[in-house]
Amino acid sequence: MLVGDPKGFLHFEREAPVRRPVMLCVHDWREVYEPFGAERVRAQAARCMDCGIPFCHEGCPLGNLIPEWNDLVYRDRLADASARLEATNNFPELTGRLCPAPCEGSCVLGINAEPVSIKQVELEIAEWGAQRLEPRRAGVQTTKRVAIVGSGPAGLAAAQQLTRAGHDVVVYERAERIGGLLRYGIPEFKLEKGVLERRLVQMRSEGTVFMTAVSVGTGSSGAEEVPGAAAPDVAHISAQQLRNDCDVVVLACGSTRPRDLEVPGRELDGVHFAMEYLKPSNQVCEGSRAVTPITAAGRHVVIVGGGDTGADCLGTVHRQGAASVHQLEILPSPPMSRAAGNPWPTWPVIFRTSSAHEEGGERVFGVTTVERVGDSADVGGVGAVGSAHVRSLRLQDVVSEVVEGRLQFVPVPGTERELEADLVLIAVGFSGPERSGVVAELGLELDAKGAVAVGPDFATELDGVFACGDMARGQSLIVWAIAEGRAVAAEVDRYLMGTTSLPRPISAGQLALR
Ligand SMILES: Cc1cc2nc3c(=O)[nH]c(=O)nc-3n(C[C@H](O)[C@H](O)[C@H](O)COP(=O)(O)OP(=O)(O)OC[C@H]3O[C@@H](n4cnc5c(N)ncnc54)[C@H](O)[C@@H]3O)c2cc1C
Ligand code: SF4
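Residues numbered from 1 in each chain as written. Chains lettered and ligands numbered in written order. Predicted model: local features only at pLDDT ≥ 70, side-chain atom pairs only at ≥ 80, totals over all residues. Heavy atoms only, no water.

Focus: the pattern of salt bridges
The final tally for this structure, using the stated rule, is 33 salt bridges. Here R14 ties to E114 by a salt bridge, and the two come within 3.9 Å at their closest N and O atoms. One end of the pair, R14, is in the loop between α1 (8-11) and α2 (22-25); the other, E114, is in the loop between α8 (102-106) and α9 (118-130), and 100 residues separate them in sequence. What makes R14 partly exposed here is its relative accessible area of 27%. A residue is classified by how much of its surface remains accessible, and E114, at 48% relative accessible area, is partly exposed. (Salt bridge = Lys/Arg side-chain N within 4 Å of Asp/Glu carboxyl O. Helix = DSSP H or I, 4+ residues; strand = E, 2+ residues; numbered from the N terminus. Buried < 20%, exposed > 50% of the residue type's maximum accessible area, 1.4 Å probe, protein only.)

Things to note about the sheet that holds strand β7 (residues 271-273)
Read across the open sheet, the 5 strands follow the order β7-β15-β8-β9-β10; overall the sheet is parallel. Whereas interior strands pair on both sides, the edge strands pair on one side only; in this sheet they are β7 and β10 (362-365). Going across the sheet, the axis of each strand differs from the next one's by a mean of 20°, ignoring polarity. Of the pairings in the sheet, the one linking strand β8 (residues 300-304) to strand β9 (residues 324-329) comprises 5 bridges and is parallel in character. In the strand pairing of β9, H300 is matched with S324. Each of β7 and β15 (423-426) touches helix α14 (residues 274-285); the most contacted strand, β7, lies at about 75° to it. Contacts between helix α15 (residues 308-320) and the sheet are confined to β8, β9 and β15, with β9 contributing the most and set at about 175° to the helix. (Pairing = 2+ DSSP bridges. Axes fitted to C-alpha atoms, helices over the stretch in contact; angles between N-to-C directions. Contact = heavy atoms within 4.5 Å.)

A short note on α15
Taking 1.5 Å per residue, 13 residues should reach 18 Å; α15 reaches 19 Å between its end C-alpha atoms and fits that length. With 11 of 13 residues buried, α15 lies mostly within the body of the structure. For α15, the complete set of buried residues consists of G310, A311, D312, C313, L314, G315, T316, V317, H318, R319 and Q320. Buried residues along α15 sit in contact with α2, α14, β8, β9, α16 (355-358) and β15. (Expected span 1.5 Å × (residues − 1).)

Overview of the packing of helix α5 (residues 66-74) against α9
For any two helices packed against each other, the geometry is given by the interaxial angle and the distance between the axes. Two elements in contact, α5 and α9, have axes separated by 11 Å at closest approach and are oriented at 60°. Classed by the angle they form, the pair α5 and α9 counts as oblique. For the pair α5 and α9, the crossing hand works out as left-handed. Here I66, W69, N70 and V73 of α5 lie close against α9, whose contacting residues are I118, V121, E122 and I125. (Parallel < 35°, antiparallel > 145°, perpendicular 65-115°, else oblique. Left-handed = near helix turned anticlockwise from the far one by under 90°.)

So, the sheet that holds strand β1 (residues 145-149)
If you trace the 5 strands from one edge of the open sheet to the other, you get β3-β2-β1-β6-β16, paired in parallel fashion. Unpaired on one side and paired on the other, β3 (209-211) and β16 (465-467) mark the two borders of the sheet. Between one strand axis and the next, the sheet turns by 20° as a mean value, whatever way the strands run. In terms of strand pairing, strand β2 (residues 168-172) meets β3 through 3 bridges, oriented parallel. For Y172, the partnering residue across the bridge sits in β3 and is M211. The sheet strands contacting helix α10 (residues 153-164) are β1, β2 and β3, and the helix crosses β1 at an angle near 165°.

What to know about the nonpolar core
Ranked by size, the top nonpolar core spans 65 residues in total, and within it V146, I148, V250 and V492 carry the most contacts. Broken down by element, this core gets its largest block of residues, 12 residues, from helix α19 (residues 478-497). The next biggest cluster of nonpolar side chains, apart from the first, holds 22 residues, and it includes A239, L242, L442 and V465. (Core = buried A, V, L, I, M, F, W, Y, C linked by side-chain atoms within 4.5 Å.)

Topic: the pairing of β9
Counting buried positions over the 6 residues of β9 gives 5, a clear majority of the element. Handedness of the β8-α15-β9 crossover: right-handed. When β9 meets β10, the two strands line up parallel, connected through 4 bridges. Counted as the bridge partner of L328 is V364 from β10. (Right-handed = clockwise from strand over helix to strand, strands pointing away.)

Topic: the packing of helix α3 (residues 38-46) against α5
Closest axis-to-axis distance for the α3/α5 pair is 8 Å, and the angle between their directions is 135°. In terms of their interaxial angle, α3 and α5 are classed as oblique. Like other packed secondary-structure pairs, α3 and α5 cross with a definite hand, here left-handed. For the pair α3 and α5, the contacting residues are V41, R42, A45 and A46 in the first and N70, V73 and Y74 in the second.

So, the environment of R19
Topologically, R19 is positioned in the loop between α1 and α2. The sequence separation of R19 and Y33 amounts to 14 residues, and the corresponding C-alpha distance is 4.3 Å. If near-sequence neighbours (up to four positions away) are discounted, R19 is found in contact with V32, Y33, E34, T353, S354, S355 and E358. Reaching out from R19, the side chain makes a polar contact with the side chain of Y33 at a distance of 3.3 Å. A distance of 3.1 Å separates the side chain of R19 from the side chain of E358, its partner in a polar contact. (Polar contact = N/O pair within 3.5 Å; in protein donor to acceptor, adjacent residues only side chain to side chain.)

Observations regarding the site of ligand 2
Every residue close to ligand 2 is listed here: C60, N64, I66, T95, C99, A101, P102, C103, K119, E122 and V479. Residue composition of the shell around ligand 2, by class: 7 nonpolar, 2 polar and 2 charged. (Near = heavy atom within 4 Å. Nonpolar A, V, L, I, M, F, W, Y, C, P; charged D, E, K, R; others polar.)

Section: the side chain of E359
Topologically, E359 is positioned in the loop between α16 and β10. Owing to a relative accessible area of 11%, E359 belongs among the buried residues under this scheme.

A few points about the site of ligand 1
Contacts to ligand 1 come from 32 residues, most closely from L98, E173, K190, V216 and D470. Residue K190 places a side-chain N or O atom 2.9 Å away from an oxygen atom belonging to ligand 1. Broken down by element, the shell around ligand 1 gets its largest block of residues, 3 residues, from strand β4 (residues 214-216). The class makeup of the residues in the shell around ligand 1 is 17 nonpolar, 10 polar and 5 charged.

Structure, rendered in structure tokens:
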């Protein structure tokens, strides 16, 4: 293939989208980026340089046909570009906004220059397509019945693929609304929920059926391990009943068990897991709740965890009007450019500044929490009067050392100090799917990292039961969840029909380029 402008990368510099001014962003919940504009997108697409072996295909778990759509965008053939993009990606409007873009880390131009702005080109094509979304209905119905449990990006991608293949697909979701972490984890300023609704309209008109406020799995009496994750009026249905009623059950329940911080003071009021904080805040934004029970307004907030979930808490904290906010990370600050042991085309582990970081707050690297310190006074109206409320965190600097092949964090003597905190948000990751409910009822085997064990074809050890997304992979990314949803759909279709023409971008457990 020849790209539109073979010397485009010599004529045009990389451009990224510009964020709206911080002073405006922190006073509303709208997405933070300014529109990019068709001409600038064409110039960025023109930087794609006919490199011969496009490593970006390998970097993208979906195998998006990046040079092809760059060329089509350059030639102003947006309808064709949109068709090429939707051939490999069910929800490019999500990845175009939210993907960290491992493809750009693998772009050949990135060896000695700035990579192509692939994600921005993807978003522009996706938005062009989204204005023209039509249902793609199956030509023939198979009468095979598929139940999908969980409506995050993995469940949604599997549902769309299998509905389009002619199967009768019902998605079961225990929360009030569809979307998983897209709905209740990722804040509005990163993804306005109207974007998700638009796609759900298409899916419904293609024939996918959605059942909300239904929790599948009655193991351990169906007890909720994650309070507030299910709708208040949730109904329970056994997984075995779904197995009896359907030809296949696909589990896409996510990795929802929050990791805790094993230090004294967990019982104090004012200490919450990130999702306990983000979900009600998102519900307020979409109007299904009047006020959030956990607000940062006027508080001294400490977010423990320097990753993306922590950054989403940070942006939310800013918009609620905190008195101060610190984000703590145990790892040292990453370098500004690739370290020697982190070569192209692997994912660059470098210092990144998200919109939430730009908006304020202080980032503290190389630090560990030793203790959460409380008092018995009620602070700011939260908690019963007289119950102990968090007042500060005791911190200590650490240095990272590899001891016997394992990364260890060694405390630095004399660096202990206190940091004022009357709201502490724990964002240190997730440790796999909940053990009660569907996992307990079906007796599903877990792998070493605590995820549901599946074969390369996403099948569990139970006949007709498949698992995908974060539930089987462990905590990951939207692009991997969509890839797993597409791949499990191909395997399910093959299981049901003996053969399949659905694409299978990855095998279960396939790793990123490393
Ligand atoms: C705060 C936050 C921000 C993130 N931001 C990004 C980002 O910007 N970019 C990115 O690429 N990735 C991001 N991620 C990661 C990404 O959201 C996940 O990798 C992805 O959503 C996983 O998709 P999934 O479909 O496997 O699971 P989920 O999105 O977790 O969906 C699982 C669904 O299953 C439902 N469910 C669980 N058990 C049951 C049951 N028994 N019965 C019925 N329903 C059930 C849950 O309610 C949930 O709706 C973020 C994660 C978090 C926590
Ligand atoms: S989905 Fe992510 S990795 Fe794939 S092309 Fe888009 S931005 Fe790149």
